[in-house]
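Fold and contact review
The lines below spell out each chain.
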Amino acid sequence: MLWRSPFIGVSLCCVSSNAPTTYRDGIIAATIPLPSLQSLTMTLDDNDDTIRKILTTTRTIALVGASKNESRPSNHVMYGLQQRGYRVIPVNPGLALDSQELFGEKVYASLKDIPVPIDMVDVFRRSESAGEVVDEAISVGAKSVWLQIGVIDEKAGQRARANGLDFVMNVCPMIEMPRLGIDGPADKS
């Protein structure tokens, strides 16, 4: 499956194998497990109105699974969201141990360590770890949770929605923004 990336001259290729991430002629091949057809039909309630609401009202994003590795999709998405006016705070326990920064933002070990209110939690973790992140997002008072392409957890989505959070899964904001004609947060001040 090949998606045109919002980054100039770069395409994102998502494959369902365990092959390593590679670059070739401006194409990034990332190992992202592709969902089954049943899973895709189960996520159709991620409607455009919810996606539009999240992308236009969000200003601060906590990106769980942030990576310094430039070949990782989380690295590209963090940079792209920052370029569109969002504040993106990276969450990665390993990088936080070394007090590292990523794209000018301090890396935190967990959502509870972030000292500012979080609008959206963007999750780059395996599906089996997503529920734990959703529960933490609920506990810190995040407004929404966004599970990236290939990250699917229906029960976590039900918990998020039951606690008043907007929730989408198996989609990427960097794909949805151009598709919906969204340039970033509605209030960029």
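Above this text you will find the structure in question.
Counting restarts for each chain: residues are numbered from 1 in the order of the written sequence. Local features in a predicted model are, by the rule used here, given only for residues with pLDDT of at least 70; side-chain atom pairs are given and counted only at 80 or more, and totals for whole chains, interfaces and linings are based on all residues. Derived side-chain values reflect all non-hydrogen atoms in the structure, with water molecules and hydrogen atoms excluded from consideration.

Turning next to the overall build of the protein chain. When helices and strands are counted, the protein chain shows seven helices and eleven strands. The classification of residues rests on relative accessible area computed with a 1.4 Å probe and restricted to protein chains. Under 20% of the type maximum is buried, over 50% is exposed, and intermediate values are partly exposed. When the 189 residues of the protein chain are sorted by exposure, 50% land in the buried category. Considering only contacts in the protein chain between residues 6 or more positions apart, those separated by 24 or more positions represent 58%. For the protein chain, the accessible area works out to roughly 9,600 Å², and carbon and sulfur atoms hold 51% of it. The helix count covers DSSP runs of H or I at least four residues long, the strand count covers runs of E at least two residues long, and both are numbered beginning at the N terminus. Whether two residues are in contact is decided by their heavy atoms, any of which lying within 4.5 Å being enough. Only the protein chains shown count as cover for residues, and the accessible areas themselves come from Shrake-Rupley with a 1.4 Å probe.

Below, the discussion takes up the packing of helix H5 (residues 127–140) against helix H6 (residues 154–162). In contact at an axis separation of 9 Å, H5 and H6 are set at 5° when each is read in the N-to-C sense. As judged from the angle between their axes, H5 and H6 are roughly parallel. Residue-level inspection shows Gly131, Val134, Asp135 and Ile138 of H5 in contact with H6, the latter providing Ala156, Arg159 and Ala160. Under this grouping Gly is polar, as are all residues other than the nonpolar Ala, Val, Leu, Ile, Met, Phe, Trp, Tyr, Cys and Pro and the charged Asp, Glu, Lys and Arg. Partitioned by chemical class, the residues of the contact of H5 with H6 number four nonpolar, one polar and two charged. Only the contacting stretch of a helix is used when fitting its axis, a line to C-alpha atoms as for every element, and angles between N-to-C directions run 0 to 180 degrees. Should an angle fall under 35 degrees it is called roughly parallel, over 145 degrees roughly antiparallel, and 65 to 115 degrees roughly perpendicular, with every other angle called oblique.

Bringing the pattern of salt bridges into the picture now. Pairs can form between side chains of opposite charge once their charged atoms are near each other. By convention in these notes, a salt bridge is any Lys or Arg side-chain nitrogen within 4 Å of a carboxyl oxygen on Asp or Glu. Applying the stated criterion across every chain yields a total of six salt bridges. Taking the shortest distance from any N to any O, the salt bridge between Arg179 and Asp48 comes out at 2.6 Å. Separated by 131 residues along the polypeptide, Arg179 in helix H7 (residues 173–180) and Asp48 in helix H2 (residues 48–57) bring together distant segments of the chain. With a relative accessible area of 45%, Arg179 lands in the partly exposed category. Members of the salt-bridge network, linked through shared partners, are Asp48, Glu176 and Arg179.

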